[in-house]
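Listed below, chain by chain, are the residues.
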Amino acid sequence: MTRSTIQNSKNTQNRLPGGPAAARELHRSPLQKAARRILVAAIWIAVWYLAWGIVQQEILIASPGEVLLRLWRLGSTGDFWVSTLSSLLRIVAGFLLAVAVGCALAVLCRLSSFAYDLFYPVIRIIRATPVASFIILALIWLNTGSVPVFASFLMVFPIVWENVYRGIHSADKNLLAMAKVFRLTKGSVARNVYIPSVMPYFIAACNIGIGMAWKAGIAAEILGVPLHSIGTELYRAKIYLETVDVFAWTAVVIALSVVIEKVFIGFLKKAGEQYSLMEQEG
């Protein structure tokens, strides 16, 4: 193997998200990946169990066994599923709204420098302002059921806007010049140049935004205490010092966030692959 080949291989690894570690992950079999994840989960559960054993006070740290048993009991009740589904719909609605508005505004700001100058200060203010301040204001302006949607939207919108805007700006200038020479239509330029350029930035924004949406949405539910929500259940558990319930409902939030992230990001990647195949066939 030549020195240039080795160097190209190293450069390819470094360009991957996560660098060489991500490149090694790609070469592991599905069984190896599953075994690694199970091992990591087992280590952290052991740490949790050790911390519980040291403290020996359920009011401070709930044991893994008690949390698992509580989750089983909660899952057998209808209220659990109503609260979980209600929170899921609110937060997903806020996230999708942020994605739609963020993408549209990023395109507008790319087309118009005046639009950029007009909206950029507002986006900076949203990013700098604590989400709790917006939640308190939203509780004055909106009904409690709409506040989690609003909070999730505000947390995700700046992330989507910035990443999509950067993706548009990172479009290959040589390809744009060639498109201009061959007088390609705007639709063709968007499909063949801008969308491939934006897609990695967009996926990264969604990857970060899903977790942020859940954090903001649940915080809004805790402060607003809407009917049938995970945040309301967490608030009640805190009031009555039911630490096991706090751990159980937190586990539900984490699980939902991970599942939604995997499903949505997987869908985006599949859609990107299908889009690339259609472009090649066309």
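Computed from a predicted structure; not experimentally measured. (Residues numbered from 1 in each chain as written. Predicted model: local features only at pLDDT ≥ 70, side-chain atom pairs only at ≥ 80, totals over all residues. Heavy atoms only, no water.)

### Things to note about helix 11 (residues 230-239)
Part 1: Burial in helix 11 covers these residues: Ile-230, Gly-231, Thr-232, Glu-233, Leu-234 and Ala-237.
Part 2: Positive backbone phi, at 55°, marks Leu-241, one or two positions downstream of helix 11. (Buried < 20%, exposed > 50% of the residue type's maximum accessible area, 1.4 Å probe, protein only. Helix = DSSP H or I, 4+ residues; strand = E, 2+ residues; numbered from the N terminus.)

### Description of the packing of aromatic side chains
Part 1: Taken as a whole and judged by the stated rule, the model has 11 aromatic pairs.
Part 2: Relative to Trp-249, the ring of Phe-80 has its centre 5.2 Å away and its plane inclined at 35°; by these criteria the two rings are tilted. Of the two residues, Phe-80 is situated in helix 5 (residues 78-111) and Trp-249 in helix 12 (residues 243-281); the sequence distance between them amounts to 169 residues. We note that Phe-80, like Trp-249, is buried.
Part 3: With a centroid separation of 5.2 Å and an interplanar angle of 10°, the aromatic rings of Trp-161 and Tyr-165 are classed as stacked. Placement of the pair is Trp-161 and Tyr-165 together in helix 8 (residues 147-169), with a separation of 4 residues, close to one helical turn.
Part 4: On the basis of relative accessible area, Trp-161 is assigned to the buried category, the value being 4%. (Phe/Tyr/Trp six-rings, centres within 6.5 Å; stacked < 30°, edge-to-face > 60°.)

### Thoughts on empty space enclosed by the protein
Part 1: Evaluated as defined, the whole model comprises 1 cavity of 30 Å³ or more.
Part 2: Of the pockets and cavities examined, the largest cavity occupies roughly 40 Å³.
Part 3: Every residue lining the largest cavity is listed: Ile-91, Val-92, Phe-95, Ile-210, Ala-213, Trp-214 and Ile-260.
Part 4: When residues of the lining of the largest cavity are traced back to their parent elements, those giving at least two are helix 5 and helix 10 (186-224).
Part 5: Of the residues in the lining of the largest cavity, the class split is 7 nonpolar, no polar and no charged. (1 Å grid on protein atoms, 1.4 Å probe; cavity = no way out; pocket = protein on both sides within 12 Å on 5 of 7 lines; lining within 4 Å. Points joined across faces, edges and corners; volume = space filled by probe spheres on them. Nonpolar A, V, L, I, M, F, W, Y, C, P; charged D, E, K, R; others polar.)

### What about a nonpolar patch on the surface?
Part 1: On the surface, Ile-136, Leu-137, Leu-139, Ile-140, Trp-141, Leu-142 and Leu-223 cluster together to form a nonpolar patch covering roughly 680 Å² of accessible area.
Part 2: Ranked by the residues each element gives to the nonpolar patch, the list is headed by helix 7 (residues 131-141), at 5 residues.
Part 3: Residue position: Ile-140 is located in helix 7. (Patch = residues over 30% accessible without salt bridge, like charges linked within 9 Å, V, L, I, M, F, W, Y side chains within 5 Å. Areas by Shrake-Rupley, 256 points an atom, 1.4 Å probe, with all protein chains shown as cover. Salt bridge = Lys/Arg side-chain N within 4 Å of Asp/Glu carboxyl O.)

### Some thoughts on the confidence of the model for the chain
When pLDDT is low, close inspection of the predicted coordinates is not appropriate.
Part 1: In the predicted model, the chain carries a mean pLDDT of 82, and 84% of its residues have values of at least 70.
Part 2: Looking over the chain, one finds the lowest element-wise mean pLDDT in helix 1 (residues 3-15), namely 43, and the highest in helix 5, namely 93.
Part 3: Note that pLDDT drops below 50 for residues 1-17; the model gives that stretch 10 contacts with residues more than four away or on any other chain. (pLDDT = per-residue confidence, 0-100. Contact = heavy atoms within 4.5 Å.)

### Focus on the pattern of salt bridges
Part 1: Applying the stated criterion across every chain yields a total of 5 salt bridges.
Part 2: As a salt-bridge pair, Glu-221 and Arg-90 come within 3.4 Å of each other at their nearest N and O atoms. Here Glu-221 is found in helix 10, whereas its partner Arg-90 is found in helix 5, with 131 residues between them in sequence.
Part 3: A residue is classified by how much of its surface remains accessible, and Arg-90, at 14% relative accessible area, is buried.
Part 4: For Arg-166, the salt bridge identified is with Glu-162, shortest N-O distance 2.8 Å. Here Glu-162 and Arg-166 lie together in helix 8, a separation of 4 residues that amounts to about one turn.

### Notes on the nonpolar core
Within soluble globular proteins, side chains that are nonpolar tend to cluster in buried spots.
Part 1: In terms of nonpolar packing, the biggest core is built from 45 residues, with Phe-95, Phe-157, Trp-161, Cys-206, Trp-214 and Ile-230 touching the most fellow members.
Part 2: Counting only elements with at least two residues in this core, the list comes to helix 4 (64-75), helix 5, helix 6 (113-128), helix 8, helix 10, helix 11 and helix 12.
Part 3: Ranked by residues supplied to this core, first place goes to helix 8 with 10 residues.
Part 4: Those residues in contact with Phe-157 that sit more than four places away from it in its chain are Ala-98, Val-101, Gly-102, Leu-105, Ile-123 and Ile-126.
Part 5: Of all hydrophobic cores here, the second largest spans 6 residues; its members include Ile-135, Ala-151, Ala-216 and Ala-220. (Core = buried A, V, L, I, M, F, W, Y, C linked by side-chain atoms within 4.5 Å.)

### Details of the side chain of Ser-197
Part 1: Along the chain, Ser-197 turns up in helix 10.
Part 2: Among the polar contacts made by the side chain of Ser-197, one reaches the side chain of Ser-170 at a distance of 3.0 Å.
Part 3: Not counting residues within four places of it along the chain, the set of residues in contact with Ser-197 comprises Gly-167, Ser-170 and Ala-171. (Polar contact = N/O pair within 3.5 Å; in protein donor to acceptor, adjacent residues only side chain to side chain.)

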